[in-house]
Amino acid sequence: MSISELYTKYTRVWIPDPDDVWKSAEIVKDYKEGDKVLHLKLEDETPLEYPINSSAKQMPFLRNPDILVGENDLTALSYLHEPAVLHNLKVRFLESNHIYTYCGIVLVAINPYEQLPIYGEDVICAYSGQNMGDMDPHIFAVAEEAYKQMARDEKNQSIIVSGESGAGKTVSAKYAMRYFATVGGSASDTSVEEKVLASSPIMESIGNAKTTRNDNSSRFGKYIQIGFDRKYHIIGANMRTYLLEKSRVVFQADDERNYHIFYQLCASASLPEFKDLLLGSAEDFFFTNQGGDAVINGVDDAEEFEKTRQAFSLLGVKESSQMSIFKIIAAVLHLGNVELLSERDGESCSVSREDEHLNYFCELLGVEHDQMAHWLCHRKLITTSETYVKSMSKQQALNARNALAKLIYAQLFNWIVEHINKALHTTLKQHSFIGVLDIYGFETFEFNSFEQFCINYANEKLQQQFNSHVFKLEQEEYMKEQIPWTLIDFYDNQPCIDLIEAKLGILDLLDEECKVPKGTDQNWAQKLYDRHSSSQHFQKPRMSNISFIVIHFADKVEYQCDGFLEKNRDTVYEEQVNILKASKYQMVADLFHDDKDSAPATTTAKSSKVNIRSARPVLKTANKEHKKTVGHQFRNSLQLLMETLNATTPHYVRCIKPNDEKLPFSFDPKRAVQQLRACGVLETIRISAAGYPSRWTYSDFFNRYRMLMKKKDIVQNDKKATCKNMLENIIKDPDKFQFGRTKIFFRAGQVAYLEKLRSDKFRAATIMIQKTVRGWLQRVKYKRMKKAAVTIQRYARGHLARRLADYLRKTRAAIIFQKQYRMLRIRRVYQRIRQTTIIIQAYCRGMFIRRSYQQILQNHKAIIIQKYVRGWMARKKFSVLRSAAIVIQCYFRRMKAKRELKQLKIEARSAEHLKKLNVGMENKIVQLQMKYNDQTKEYKQLTEQMSVAAVGYSTEIDKLHKELERYKQNQGDGNQLSSLQEEIERLHAVLEKAYSERKILEENYTNEKNSLQKRIVDLEKENTLLKHEKEELNKRTLNQSKGLKDDTSQKMIENTQLHKDLDEERLRYQNLVKEYSRLEQRYDNLREEVTLIKQTPGHRRNPSNQSSLESDSNYPSVSTSEIGDTEDTLSQVDEMGVEKAAMDMTIFLKLQKRVRELEQERKKLQTQLEKKEEQKKTQRIENKDVNSPNHETEVAYDSLKRQELESENKKLKNDLNELRKAIAEHAYQNDSSGDTQDSYSLLLNQLKSANEELEVRKEEVLNLRTQIVNAAKQKEETEINARWPNSDKHIERDDAIEAYHGICETNRKTNDWGYLNEDGELGLAYQGLKQVARLLEAQLQDHMREHEQEVEALKSQIEAVMEEKEKQEQVFSQALQLSPEARVEFSVQQEITRLTDENLDLKEIVEKLEKNEKKLKKQLKIYMKKVQDLEAAQSAVQAERKRPELIRQVTVQRKEKDFQGMLEYFREDEPRLVRNLITELKPQTVSATVPCLPAYILFMCIRHADYINDDQKVHSLLTSTINGIKRALKKHNEDFEITSFWLANSARLLHCLKQYSGDEGFMKQNTDKQNEHCLRNFDLTEYRQVMSDLSIHIYQQLIHIAEAMLQPMIVSAMLENESIQGMFGVKAPGYRKRSSSMVDGDNTYSLEAVIRQLNSFYVMMAEHGLDPEIIQQVVRQLLYEINAVTLNNLLLRKDVCSWSTGMQLRYNISQLEDWLRGKNLHQSSIVQTLEPLIQAAQLLQVKKKTQEDAEAICSMCTALTTQQIVKILNLYTPLNEFEERVTVSFIRNIQAELQERNDPPQLLLDFKHTFPVLFPYNPSALSLDTLHIPASLNLEFLSRV
């Protein structure tokens, strides 16, 4: 590819610029070979002619396509050179606010000078476990890479953080250590990670200071080794320090400070514990006021000092040691204020005795004042013959004082480092370590001294190691891909290192000059000139003889020789040190002991590991010949550091300082380029560019550039061959690319060339598409215009035709109108004449007819009068005759009846008559019935005959009426004419009258019409007024509705806030449960460890009164009811013994008062009951008058029967309970023997047979009594019947009733009513009917009473419910008036009061039941003794009754089939029950049975224990169940199926404890059978809470397991997998995974895999019978994790923030929603958890240009925070060059629009967040007696009850 092909029109290049270093320009004319200039156009449209040096052939650097700008990795750029690197960093830093960028293996970190929310624990969790290339560049990614490689390769790692002062090295190292402390937290509770982090504030306070470039600059280098065990948990750490800047203790430049600790101590000097330090303000001390301002903006020194003290305490430094440290630091400050007075001769000086600072110094350090004052001004000279003391000048004394201050501080610094290492040291074996090197970067100032020389020397060594490592990685990559490689020429700085450290190098000559007695800096400089003038890395300045220049890898640096010798010697006079050694304070003396006297600080590691030891300078010795110089010490420590780094895998972090003014997000290109050159980033770029920097996998390359391929190049199913064919055709030079095993390697610029070809291809395709579309648009436009013209013509012609047709139609209509009008006028005249004639005829005919009608009517009336008169006369005569006959008959019949009555009375007195009467009664009744039937038949026949006669009579009448009318017509013809004339005259008068009336009516009509019109006008006015009023009312109602909406919205907001508070409280409680379970698990682990450690062969258990299960359980036992009365308690004491009853006596004494109160209440209830009985008696007396004597006998019989049954029932129940209890106790005491079991079953059979016999006898007695009563009743009836004689006479019903009432009034009369008929049968029949009626009436009254009682009970219940409702409404109204906090507290108080009331009521019931229980127990014991005696005495009787008992046993077995829903087991079978049903149970065993069968079985066992009132058994079973479930979950802590199974069973057991608790609130949905199965004796409320906590723990474990299974799939399935085919083919170029991060194996997952996993979770939970509400919560939690993990990765990955990813996300989310709809979960709040992800996908796809787009984004993205929206917009990557990037101004508009939001500051979602779980009450519809236990459970020891 020639230059002319590259430098064409529109190509952009980089040209040098003095201000911006590099400036972008665009070629406006193609370059041709031999051109002297290149025609360019700058970005501001300024033309420029750039000269070309044809001999050097140095063309301007080409600019990368915009699609590659902003890449995460600088080596992914196609053109690798300095301007491309600088521009990429600038774009990422300023436009996207990204401070981290990769450069191969180097992480470039630019200091933002602003706190960013990207270092939280959520970000750490997001980077944990991720590959280095998967996420955006970050210090956490480098730390994760080091941690992962340490675990994978089992090799030690190092993170080398370098950069100049103020670049952020310390902060980066601190965040790296924080990451290791969080991810690799210690396994034990030793808080090693906290101690590692606590070392940072200490080292910052004693080793950091403010400089002109950095407010917190590290003035020393440190290497921290963090040790890990085999499980890669932190176990310890070690720190090495390098070259502390001691000169800062005594001197600071302008606008700089001393070390922070001095200012922190002065800021806290007012504290009482520091009064003895005698400190003041920092401005009062010479060592802290030289730099000017002693305050750093935004930093509180007192607060920082408190953090330092806390860190000291955390690291185990005692308070006394801390005070000693602070005293030494204060002594250094006082030493700086010691004033030295010069003598007159100038050769000597002295210290005033009144110098208070020297006194303070000596007092604080515990040294002698006089000696220190003397040796500060004198020194000792030792010769071979003698020793003498010499005075020092003031300057010499000042130097000696400063050297002493530096020594004291340096020794204290080393002591603190040594004690930090001791605190971080561990006795455990270290498996591996990660080292973090925080070391100074390359420095060059106007004045460079010994410190800068050492720093740059260290950077030379590190750069050499960096270059070799980068070259090694490149070589390994080529070899791995099997690419032929040639030796890359890279910069080797070994000559420069040899210049410094080789024999007779700069350091050797410096040490040699230091040994010369009168060596000077000038002599040393001259030796350097003489020795190294020929070296290519050494130069002599032209204008100076006391400085030299070293050409380092980064830049030339001129060093001034002044002070080199003094700083290298670091001279301190021996006499001053000896005074400090003699200090009375042990710590001060220990600081200055020799190395041979002091114990080693650290132990030496094994030979396989690098030695870990402190790198502090060796302490001075008295002999100067054997003293090591500072340069020698530094060279040794540096050599040790290089050995350590070479033995580890290094990771590099290069910190860049963007500007010198410390402005946030301000970029100075000059300073940045200077640092990039110095830190080796550009060297990395150069090495990468020398080889094949651009690398693509075959699949990515195929997807990106497949549009450049031809059809002949494509090889089916072989992308590698296809790529080869395409590249060989496109790129002719084979050296420009290489084919590796899995990747294609390109030279620099080739990817840009391919991008150019791709864009040209797209541009040509775009032009073709535009041409076609524009032609289509023009054709569409032409067709539209043509169609419009045709339409206009059609409408115009239609208009003309319609106008003509209208004219013709109107002409024809006029002719028709004329014709019709004329016809109508003639027709009206004719109609008027015709109507007049008809009216006259009608009136005439009517008059004639009316006259004839009047005549006929008069004749008819005369006939009627005659008829009625004649009839009256005939009836009067007949009545007179009939009355006379009746009087005669009456007298005759009365006489005859009296005679017959006498005869009947005589006959009635005889007994034979009664017998005949009774015998013939039924026959006569039958005869009467037959007579009655015959008479009814006759009656029907007669009625039919009468109807036939009536019909005939009616026809006769009609004929007669017709003849009569015909006769009348014949008579009226003569008078017809005269009557017609009269009628005509009368009609004329009527017509005139009607005409006048018509006029009047018309006038009235017109008047009324006018009035109505006025009324209508008035009504219209009123209507308009009403409309206005209506509109006003509508407006008012709208305003009121708006106000109501506001109120309701406010209430809704308050309600949601309350729900949020409730959820927070629930979440807090569930977190406490989770923490409790974690601590419990930890406690179990510790206890197991302790038992393993302390276990001895002779171990025995201590005696205990409690069971092992009670001791293991943390839960309270079941609270049984207390003893009811004193006698029962005393008897229990006698039976149980004093020791066992002592515990219950306390309960008895406490509840004695309560028993008295209950007794008083019982008396009150008794009196009320008596009153009610009296009222009932009065009602019965009132009803007694109505009821017959038979009713009294029935009532007496019923009461007798009831009393007898009740007494017998009580007796039988008492005997039965006594017998059962006695037998059960006897059987429990002797359950080991088989004979006892036989006797027990025998006694039970006897008891049951006795019960059956008693039932039979009872029925017989009742039958006999009923027969007796019936006989008595019959006797009474015969007595009554004997009073009635026979009579066959017919009687009337009213007469019979009247006679009956007369008999009821008196029994003394001898008269009876048998005379009504002959035999008296009707009387007896009536008496029987009367008795039946009385019985029915009595039954009806009973039913009415029962109904009234039920109504009263319902009314009382309704009243109670209404009262409760009113109370609740009052409480609710009160609660609404309170604040949310007070509302919650008020509701809690109300709930407590309600529960206490219910508890008291339940206690009263329990106490009553216990009293009965105690009494029954006593009777059972007595009866048991009797049964035993009877058994011994009647063995023969038992043998005789053996056969019938066997028969009865069969019937007993048939009754036992009526299962009561209880399971019985023995106490010793409890471990088997727990083992078979919990710990060893597999879900597959019960998969074919009822869901949650183990929970039902456990509850049925609990029911039986409650039924037999065994509280210990209930407590033991529940405790064993809970512990067994915990053991099963602990054993299968990663098994989703087991966890889901036990979550379902725990929840079901909790529901059963509620459903069968007896509480009315839980019994509303129960059936009657289920209510019978409720618990009777125990209140398990406390255990319900325990089961609820256990269910919460299981739910959290279930979520943890499911999340652990889902998390590896989420990112790959949601973001990386190609759900829509072809979408990822347009992925942005340059993205590549880092080879060092990749693990062998394909870990990609599809969305189908995630949905399959979710479906398996759902199916498994549903099969186990988990409640649907809990399943919804599980799915909601899992979808939240999918949402959080996906969104967090989207926010941290630039490569996925594109339009195609948004499309993929929307498709994937729709798939998840379809799955939710398939499971009927879409209507719940589950979908809302995906809302942030949905909005993020929409944000990636919407337009992002105009202000309207910004407003639409702000209104759309309500679930995303401002930081998340801005982050996504910053990360958004165009797919190709045709798509524009999101501009900075648009992002600023978004931020301005979102300023009002109060979003949380965190960027990422907390994917570990767990929603609070709710377990809604879900009762079971199954009845316990219908459950079947399969034999596969091996629970044959359970017996059904």
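Reading the values: the criteria
Residues numbered from 1 in each chain as written. Predicted model: local features only at pLDDT ≥ 70, side-chain atom pairs only at ≥ 80, totals over all residues. Heavy atoms only, no water. Axes fitted to C-alpha atoms, helices over the stretch in contact; angles between N-to-C directions. Helix = DSSP H or I, 4+ residues; strand = E, 2+ residues; numbered from the N terminus. Parallel < 35°, antiparallel > 145°, perpendicular 65-115°, else oblique. Left-handed = near helix turned anticlockwise from the far one by under 90°. Contact = heavy atoms within 4.5 Å. Nonpolar A, V, L, I, M, F, W, Y, C, P; charged D, E, K, R; others polar. Buried < 20%, exposed > 50% of the residue type's maximum accessible area, 1.4 Å probe, protein only. Patch = residues over 30% accessible without salt bridge, like charges linked within 9 Å, V, L, I, M, F, W, Y side chains within 5 Å. Areas by Shrake-Rupley, 256 points an atom, 1.4 Å probe, with all protein chains shown as cover. Salt bridge = Lys/Arg side-chain N within 4 Å of Asp/Glu carboxyl O. Lys, Arg positive; Asp, Glu negative; His and termini not counted. Charge placed at Lys NZ, Arg CZ, Asp CG, Glu CD. Pairing = 2+ DSSP bridges. Phe/Tyr/Trp six-rings, centres within 6.5 Å; stacked < 30°, edge-to-face > 60°. Lys NZ or Arg CZ within 6 Å of the ring centre and 35° of its normal. Core = buried A, V, L, I, M, F, W, Y, C linked by side-chain atoms within 4.5 Å. Disulfide = S-S within 2.5 Å. pLDDT = per-residue confidence, 0-100.

S.K.: Please give an account of the packing of helix H42 (residues 1536-1555) against helix H45 (residues 1647-1663) that cites residues and values.
M.R.: Two elements in contact, H42 and H45, have axes separated by 9 Å at closest approach and are oriented at 40°. Classed by the angle they form, the pair H42 and H45 counts as oblique. Judged by the sense of rotation from one axis to the other, the crossing of H42 with H45 is right-handed. Across from Phe1536, Glu1537 and Ser1540 in H42, the residues of H45 making contact are Phe1657, Met1660 and Met1661. Here the contact of H42 with H45 is composed, by residue class, of four nonpolar, one polar and one charged.

S.K.: Could you give an account of the side chain of Ser1540, with specific residues and numbers?
M.R.: Among the structural elements, Ser1540 can be located in helix H42. Among the residues examined, Ser1540 registers a relative accessible area of 0% and is labelled buried.

S.K.: How would you summarise a negative patch on the surface if you had to cite specific residues and measurements?
M.R.: A cluster of acidic residues, Glu1359, Glu1363, Glu1364, Glu1366 and Glu1369, forms a negative patch on the protein surface. The topology assignment puts Glu1369 in helix H35 (residues 1321-1377).

S.K.: If you had to explain a nonpolar patch on the surface to someone new, which residues and values would you point to?
M.R.: Taken together, the side chains of Ile769, Val773, Trp776 and Leu777 make up a nonpolar region of the molecular surface, amounting to roughly 400 Å² of accessible area. Looking at where Leu777 falls in the secondary structure, it is placed in helix H25 (residues 750-908).

S.K.: Give me the sheet that holds strand E23 (residues 737-739): which residues, what numbers.
M.R.: Strands sit in the order E22-E24-E23 across an open sheet of three strands; the sheet is antiparallel. The open sheet has two edge strands with one neighbour each: strand E22 (694-697) and E23. The average undirected angle you get between the axes of adjacent strands in this sheet is 20°. Looking at chain direction, E22 and strand E24 (residues 743-746) are connected through four bridges and run antiparallel. Looking at the pairing, Thr697 lines up with Lys743 of E24.

S.K.: Can you explain the pattern of salt bridges? Please cite residues and give values.
M.R.: According to the stated counting rule, one finds 34 salt bridges in the structure shown. The partner of Asp660 in a salt bridge is Arg671, with the nearest N and O atoms 2.9 Å apart. In this pair, Asp660 is assigned in the loop between strand E21 (649-656) and helix H21 (669-679) and Arg671 in helix H21, connecting sequence segments eleven residues apart. Overall, Asp660 belongs to the partly exposed group, its relative accessible area being 35%. By relative accessible area, Arg671 is classed as buried at 8%. Taken together, the shared-partner salt bridges in this structure form one network comprising Arg219, Glu245, Arg248 and Glu256.

S.K.: So what's going on with the environment of Asn1399? Residues and values would help.
M.R.: With respect to the helices and strands, the residue Asn1399 is situated in helix H36 (residues 1380-1433). Distance in space between the C-alpha atoms of Asn1399 and Asp1579 is 9.3 Å, their sequence separation being 180 residues.

S.K.: I'd like to hear about the packing of aromatic side chains, residue by residue, with values.
M.R.: In total, this model carries 40 aromatic pairs according to the counting rule given. Summarising the aromatic geometry, the rings of Tyr119 and Tyr175 are spaced 3.8 Å apart at their centres and angled 5° between planes, so their arrangement reads as stacked. Residue Tyr119 is located in the loop between strand E7 (106-110) and helix H3 (121-127), and its partner Tyr175 is located in helix H5 (residues 169-183); the two are separated by 56 residues in the primary sequence. The class of Tyr119 is buried, set by a relative accessible area of 12%. With relative accessibility at 10%, the residue Tyr175 sits in the buried group. Between Phe274 and Phe305 the ring centres are 5.5 Å apart and the planes differ by 65°, which places this aromatic pair in the edge-to-face class. A residue pair is termed long-range when its members are at least 10 positions apart, and Phe274 in the loop between helix H7 (260-267) and helix H8 (301-314) and Phe305 in helix H8 qualify at 31 residues. Taken individually, Phe274 and Phe305 each receive the classification buried, so the pair is uniform in this respect. Grouping aromatic residues by their ring pairs yields a cluster made of Phe450, Phe453, Trp524, Tyr529, Phe538, Phe548, Tyr559 and Phe564. Over the aromatic face of Phe466 sits the side chain of Arg654, whose NZ or CZ is 4.9 Å from the ring centroid. The side chain of Lys1744 reaches across the aromatic face of Tyr1772, ending 4.3 Å from its centre.

S.K.: Could you give me a rundown of a positive patch on the surface, with the residues and numbers involved?
M.R.: On the surface, Lys480, Lys720, Lys724 and Arg741 cluster together into a positively charged patch. Considering the arrangement of structural elements, one finds Arg741 in the loop between E23 and E24.

S.K.: Provide a residue-level description of H7, including the pertinent values.
M.R.: The buried fraction of H7 amounts to seven of the eight residues, a majority that puts the element mostly inside the structure. Listed as buried for H7 are His260, Ile261, Phe262, Tyr263, Gln264, Leu265 and Cys266.

S.K.: For the nonpolar core, give the residues involved together with the corresponding values.
M.R.: Among the nonpolar cores identified, the biggest contains 327 residues, and Phe180 and Phe548 are the most heavily contacted of them. Of all the elements, helix H44 (residues 1581-1616) adds the most residues to this core, at 18 residues. Grouped together as the second largest cluster of nonpolar side chains are 19 residues, Tyr698, Leu727, Phe739 and Ile744 included.

S.K.: I'd like to hear about the state of the cysteines, residue by residue, with values.
M.R.: Taken as a whole and assessed by the stated rule, the structure comprises zero disulfides. Cys1757 carries a free sulfur, and the closest cysteine sulfur to it, the one in Cys1754, is 7.9 Å from it.

S.K.: I'd love a proper account of the confidence of the model for the protein chain, names of residues and values included.
M.R.: In the predicted model, the protein chain carries a mean pLDDT of 78, and the fraction of residues at 70 or more is 78%. Mean pLDDT values for the elements of the protein chain range from 35 in helix H29 (residues 1108-1112) up to 93 in H7. Per-residue pLDDT stays below 50 along residues 1096-1150; that stretch engages in 64 contacts with residues further than four places along the chain or on separate chains. In the model, residues 1230-1237 has pLDDT below 50 throughout and makes five contacts with residues more than four positions away in sequence or in other chains.

S.K.: Account for the pairing of E24, naming residues and giving values.
M.R.: By the alternation rule, side chains of E24 split into Lys743 and Phe745 and Ile744 and Phe746, which are all buried. Across three bridges, E23 lies against E24 in antiparallel orientation. Residue Gln738 lies in a different strand from E24, and its bridge partner there is Phe745. Hairpin connection from E23 to E24: three residues lie between these consecutive antiparallel strands.

S.K.: Talk me through the sheet that holds strand E18 (residues 538-539); I want residue IDs and the actual numbers.
M.R.: Strand order in the open sheet made by the three strands is E18-E19-E20, with antiparallel pairing throughout. At either margin of the open sheet sits one strand with a lone partner, and together these are E18 and strand E20 (556-560). Relative to E20, strand E19 (residues 547-551) is paired through five bridges, and the arrangement is antiparallel. Opposite Ser547, over in E20, you have Gln560 as the bridge partner.

S.K.: Which residues make up the environment of Asp492, and what values do they have?
M.R.: Mapping Asp492 onto the fold places it in the loop between helix H13 (450-480) and helix H14 (494-501). You can call Asp492 partly exposed: its relative accessible area is 43%.

S.K.: Residues and numbers for unusual backbone geometry, please.
M.R.: Located in the positive-phi region is Tyr10, a residue other than glycine, with phi close to 75°. Turning to its location among the elements, Tyr10 is positioned in the loop between helix H1 (3-6) and strand E1 (12-17). Its relative accessible area of 59% is what places Tyr10 among the exposed residues. Of note, Glu154 is a non-glycine position whose phi angle comes to about 50°, a positive value.

S.K.: Run through the packing of helix H9 (residues 319-336) against helix H10 (residues 356-365), naming residues and quoting values.
M.R.: In the contact formed by H9 and H10, the axes pass within 8 Å of each other and the chain directions differ by 160°. By the angle class used here, H9 and H10 are roughly antiparallel. The chirality of how H9 crosses H10 is left-handed. Here Lys327, Ile328, Ala330, Ala331, His334 and Leu335 of H9 come into contact with H10, specifically with His357, Tyr360, Phe361, Leu364 and Leu365. Residues that form the contact of H9 with H10 fall into these classes: eight nonpolar, two polar and one charged.

S.K.: Run through the pairing of strand E17 (residues 432-438), naming residues and quoting values.
M.R.: With seven of seven residues buried, E17 lies mostly within the body of the structure. Covered by surrounding structure in E17 are Ser432, Ile434, Val436 and Asp438 together with Phe433, Gly435 and Leu437, the residues of both alternating faces. Alignment of strand E8 (residues 157-162) against E17, held across five bridges, turns out to be parallel. Looking at the pairing, Ser158 lines up with Gly435 of E17.

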